[in-house]
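Spelled out, the chains give:
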Amino acid sequence: MKGYLGEFEELVLLTIANLGDGAYGLALLRDINERTNRNLSLGAMHSTLTRLEEKGFITSYLGEPTNERGGRRKRYFELTDNAIVALNDMKSLRDQLWSNPKIDLSL
Amino acid sequence: MKTQQQHPPQFAVKLLRWWAKGSDIEDLIGDMDEEFAYRAENESLLKARLFYIYQTFSLIFSYAVKRRKASAAYSDYYSANTGAMIMSYVKISVRNFSKHKLFTLVNVVGLALGMSVCLLALSIAVAIYQTDEWHARKADIYQINTFIDDQYGTRTFASTFPTIADKLTADYPFVEEAVAVRSEFSPAFLVNGSSISFDGYYASRSFFEIFDFPLLQGDPGTVLRDPNSIVLTQSVAYTLFRDEDPIGKMLETAEGAFQVTGVMADPRSTHLYFDFLASASTYTQQADLTSTQQWGPFMDNYVYIRVRPNTPQASMKEALAQVASLAEEYHPDTSIELQATNLGDVVPQWNVSNNIGIGWDLPSLYFFFSIGLLILVPAIFNYTNLSIARALKRSKEIGIRKVVGAGTGQVKTQFIVETMVLTFIALLGSVLIYLPVKEQFLDMIYAAEVMDTSMGWIQLSVFLIFCLLVGWFAGLFPARFFASLNPVYTLKGQLSGQKVSVSGIKKGLFVFQFFVSLVFIIGVGAIAKQYAYVLNNNHGFNSDNVLVVPFERMDKQVAINELRAHPDVKAVTTAGQLPGVPLSNEVKVLPNTQDTLEVNQVYIGEEFVEQLGMTLVWGSATQLNESNQNEEKVLVNQSFLKSMSVFDQQSDSLQFTLADGTQCRIVGITEDFNYEPLDRLIRPLIFRQSLAQSQYALLTVNSSDIQLTMSELEDIWHTIDTNVHFEATFLDDEIEKAYSFIRAQIKIFSYLSVLAISISCLGLLGMVSYTTENRTKEIAIRKIMGATMNSLYFLLTKDFIRLIGISAMIAIPFSYLFYDKLFLYFLIRYGPGLGIQEVVVSIIFLFAVGFASIFWQTSKVASSNPSENLRYE
């Protein structure tokens with residue numbers, strides 16, 4: 001496992017998994033901005049995507065040209081096995097912590 | 001497509017694309033466009049646009065774009081210029097050059113000629129800027145300059161009051177050493193019976209403490225300590241003493257005897273220029289100066305100080321201000337300011353008078369460079385023209401390059417690299433031209449031997465940078481031209497939007513080139529005419545067949561008698577100074593009790609006037625012999641009388657008094673003739689008869705075998721005194737020597753005109769080949785339709801004839817004004833001016849050379865077979 005997975009990176013990876021075939025830059029940005037009520041820029045979004053790609057958590061491919069974007073293609077993102085393992089590790093770590101009977105986090 | 005208003009801001013897209021430098025950002029722009037369309041529909045267009053710009057900047061500063069740019073730099077497709085690509089361009093250029101040999105030759109020769117003058121200027125500039133860089137503590141050495149502000153205006157002098165040297169060392173501890181140098185000391189040393197003149201300085205004892213001039217013999221601390229000490233440079237020591245040890249030898253001069261205390265290496269790469277250094281104590285001992293005199297005149301006196309390392313500028317300024325206020329006490333109504341100039345900045349300066357040594361200033365350097373550029377710029381434009389003339393041949397190559405993906409920048413780089421390769425080849429040629437030209441040039445300028453213009457690495461790198469700059473500049477226009485070609489047209493064999501005719505700028509350029517050539521060539525003619533004139537013209541005396549023999553220590557009367565006995569010698573007279581060469585002997589005349597008038601005086605012997613065929617307008621020269629103790633009989637020229645008439649004179653206008661009290665009576669008046677060279681004003685002149693003051697015997701010789709006569713005269717001479725050297729020269733040769741500056745001018749102008757003409761003709765060749773190449777088909781069709789050879793020649797040449805005509809029309813009045821009214825007036829005041837003959841000859845010459853190059857190209861096209869030309873392409 002290379003690289004440490006940050007909070008935002010984890011969020012992006014999960015969103016990619018949620019969007020499935022439709023996971024391209026703008027769709028991810030909109031989804032995250034909506035869910036988390038943040039106001040991220042496209043630059044920040046793509047920077048994170050680039051870093052994730054470098055760390056080997058995602059791969060990307062260009063889609064077919066679409067009319068609504070003036071013939072420009074979308075870049076779609078997919079999770080790699082590494083990412084799936086990392087997300088599972090993360091989740092089990094959290095589950096472990098949450099499952100402790102002594103925990104008292106009731107709102 | 002959406003309507004025009006709903007486009008995202010184009011500048012933002014362009015900015016992003018430019019920033020991304022060709023990396024793939026299609027998906028990013030797609031994302032932005034999609035968002036823009038969404039917002040434009042659901043919010044306002046303005047908001048969408050602003051948001052778009054915001055997103056653009058967020059991307060520009062994002063890691064995503066940075067990363068993509070970085071990876072694009074290593075990808076297979078890359079539109080910038082890599083090292084490998086540039087190597088490929090160099091290879092292509094070399095192949096192209098060897099394929100088009102005429103084009104290469106014409107351009108290399110043109111640029112090599114054009115660059116040679118600039119190289120000369122550059123090498124001299126490098127030498128000047130490196131002057132005095134070799135002194136170990138150069139940073140702490142300063143020359144003190146004087147800034148004067150008085151009723152005549154403000155001026156800066158390199159010289160200053162000599163007494164401040166002692167003042168500064170005594171009162172200001174940060175001044176370690178100070179040296180006072182006094183220039184303009186030109187004594188004649190008497191060695192082995194002959195006297196040789198040298199130029200040197202008086203310098204105080206710390207000279208060798210401040211400067212690092214290496215002493216070959218003698219102790220730096222003491223060589224200049226005692227009065228009448230002298231330090232010779234190595235070459236002077238050799239001239240005077242050959243292989244003997246010079247130390248301790250005495251040198252007799254008119255200013256007293258000097259003892260040689262040291263020998264130094266010849267000064268090199270320094271702003272000082274001297275043959276020897278005499279101890280300043282000699283001078284101060286001779287003239288025991290009062291304080292008023294110490295602070296009085298400062299011309300030709302220089303002070304250098306060496307301060308402690310890291311002395312603040314402020315304390316130096318303060319010290320100089322205090323000393324300057326002392327000086328102001330002796331100069332009422334004058335504001336004096338002293339400035340310290342670091343040794344490295346002494347040459348070149350902008351506007352400083354009374355410089356010591358070589359004294360190169362910036363204006364003359366700039367002038368030199370502008371002459372160089374005047375020659376170089378036409379060569380650069382020729383290259384431009386010729387490159388574009390080849391467009392037909394190369395446009396297909398460019399078309400294919402562009403089709404397979406070359407960007408505009410790459411095509412531009414290709415042509416600039418190609419030009420740089422060409423200028424580099426031209427640089428090699430130019431250096432070959434520059435080396436002999438430099439030798440010739442340095443021979444002509446004053447104090448050239450202290451300048452170090454040898455080829456060092458600084459000079460080489462300056463040359464290389466200059467050559468690359470020339471290449472960049474020359475290649476810029478062709479590069480832009482080729483990069484803008486549209487591959488769709490060029491591959492079809494057309495040049496879109498290219499006019500076949502010669503455009504306006506090119507015409508102007510062409511006229512300019514020929515104008516410059518004509519001005520130079522008329523200059524050569526004009527100066528050559530002056531030269532012929534001064535050599536053949538009678539200055540107002542007869543200089544033919546006159547032998548000049550310096551007396552040296554010979555008994556004059558005996559020598560005259562013995563020489564006169566030779567059958568070939570028609571007459572003998574003597575003179576203190578030779579006619580036709582510049583005079584230096586001045587004397588003060590007192591026309592009345594208050595005024596003085598400075599006039600030249602010449603000592604002459606008996607029959608001088610008759611022998612040299614001078615014309616008297618009044619009186620007779622025979623009365624000169626009648627001088628007695630009370631009254632000396634003299635001859636004067638007309639301008640002497642003119643100058644005297646200004647003053648309120650005594651009753652007897654033929655009588656005047658010299659400053660030393662000698663009473664003179666005018667017994668004859670000569671015409672105003674040029675006793676001095678023709679570039680000098682005719683000044684008031686008196687002739688005094690004195691054998692004792694005469695330096696030369698003037699022998700009018702009439703001989704069939706001059707060599708034999710000379711050797712016989714030498715034998716006679718040695719029978720009188722074997723120790724005195726016999727050195728006879730012809731007066732004509734002595735006069736010719738006085739005009740060596742004109743020979744230098746002729747050389748320079750000939751060289752420049754050869755350059756200018758060659759470059760213009762190369763340019764003409766290029767222009768003609770450009771037009772004829774473009775009109776090959778037209779000429780073929782004309783021939784088929786029945787045009788004669790003559791009409792074709794006329795058709796092809798008429799444009800050029802007109803252009804040469806225009807340049808001649810501009811050049812003739814300009815040359816007349818420039819040469820006749822300005823240049824020649826200063827060169828030879830009493831010369832014949834610019835004649836019509838030189839102008840006509842120059843124009844005919846230029847036309848002939850021009851037509852030859854036009855004819856060469858046109859005849860090729862006009863005589864070719866039309867059927868082949870029509871089949872071509």
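Located above this text is the structure these notes cover.
Residues numbered from 1 in each chain as written. Chains lettered and ligands numbered in written order. Predicted model: local features only at pLDDT ≥ 70, side-chain atom pairs only at ≥ 80, totals over all residues. Heavy atoms only, no water.

**So, a nonpolar patch on the surface**
The grouping of Ile400, Val403, Val404 and Leu491 of chain B at the surface amounts to a nonpolar patch, some 390 Å² of accessible area in total. Position of Ile400 of chain B relative to the elements: it lies in helix H14 (residues 391-403). (Patch = residues over 30% accessible without salt bridge, like charges linked within 9 Å, V, L, I, M, F, W, Y side chains within 5 Å. Areas by Shrake-Rupley, 256 points an atom, 1.4 Å probe, with all protein chains shown as cover. Salt bridge = Lys/Arg side-chain N within 4 Å of Asp/Glu carboxyl O. Helix = DSSP H or I, 4+ residues; strand = E, 2+ residues; numbered from the N terminus.)

**Re the side chain of Ser279 of chain B**
All names here are of chain B. Within the element layout of this structure, Ser279 appears in strand E11 (residues 276-279). Of the residues examined, Ser279 reaches a relative accessible area of 0% and is grouped as buried. Only 2.8 Å separates the side chain of Ser279 from the backbone oxygen of Asp226, close enough to count as a polar contact. A polar atom in the side chain of Ser279 sits 3.4 Å from the backbone nitrogen of Asn228. (Buried < 20%, exposed > 50% of the residue type's maximum accessible area, 1.4 Å probe, protein only. Polar contact = N/O pair within 3.5 Å; in protein donor to acceptor, adjacent residues only side chain to side chain.)

**Some details on the nonpolar core**
Formed by 145 residues in total, the largest nonpolar core has its most connected members in Phe207, Phe208, Phe211 and Leu277 of chain B. In terms of residue count, helix H6 (residues 101-129) of chain B provides more of this core than any other element does, 17 residues in total. Among all residues touching Leu277 of chain B, those that are not within four sequence positions of it are Tyr201, Ala203, Phe207, Phe208, Leu224, Ser229, Ile230, Val231 and Met264 of chain B. Ala27, Ala86 and Leu87 of chain A together with Ile29 of chain B belong to the second largest nonpolar core, which has 40 residues in total. (Core = buried A, V, L, I, M, F, W, Y, C linked by side-chain atoms within 4.5 Å. Contact = heavy atoms within 4.5 Å.)

**Some details on the pairing of strand E2 (residues 153-157) of chain B**
Residue and element names in this part refer to chain B. Where strand E1 (residues 141-150) meets E2, five bridges bridge the pair, whose relative direction is antiparallel. Its bridge partner lying in E2, Thr146 is registered against Phe157. In this structure, the hairpin formed by E1 and E2 is closed by a connection of two residues. (Pairing = 2+ DSSP bridges.)

**Side note on the packing of helix H24 (residues 740-774) of chain B against helix H27 (residues 836-862) of chain B**
When two helices pack together, their arrangement is given by the angle between the helix axes and the distance between those axes. Residue and element names in this part refer to chain B. For the pair H24 and H27, the least separation of the axes is 9 Å and the interaxial angle reads 30 degrees. With respect to their mutual orientation, H24 and H27 come out roughly parallel. Judged by the sense of rotation from one axis to the other, the crossing of H24 with H27 is right-handed. Residues Ile757, Cys761, Leu764, Leu765, Val768, Ser769 and Thr772 of H24 touch H27, and the partners they reach there are Phe845, Leu846, Val849, Gly850, Ser853, Ile854, Trp856, Gln857, Thr858 and Val861. Residues that form the contact of H24 with H27 fall into these classes: 11 nonpolar, six polar and no charged. (Axes fitted to C-alpha atoms, helices over the stretch in contact; angles between N-to-C directions. Parallel < 35°, antiparallel > 145°, perpendicular 65-115°, else oblique. Left-handed = near helix turned anticlockwise from the far one by under 90°. Nonpolar A, V, L, I, M, F, W, Y, C, P; charged D, E, K, R; others polar.)

**A look at the pattern of salt bridges**
Two side chains carrying opposite charge are able to pair once their charged atoms lie near each other. Residues and elements named next belong to chain B. Counted under the stated rule, the structure contains 32 salt bridges over all chains. Residues Glu176 and Arg306 are paired through a salt bridge, measuring 2.9 Å at the closest nitrogen-oxygen approach. Highlighted residues: Glu176 in strand E3 (residues 175-185) and Arg306 in strand E12 (residues 301-307), separated in sequence by 130 residues. Of the residues examined, Glu176 reaches a relative accessible area of 25% and is grouped as partly exposed.

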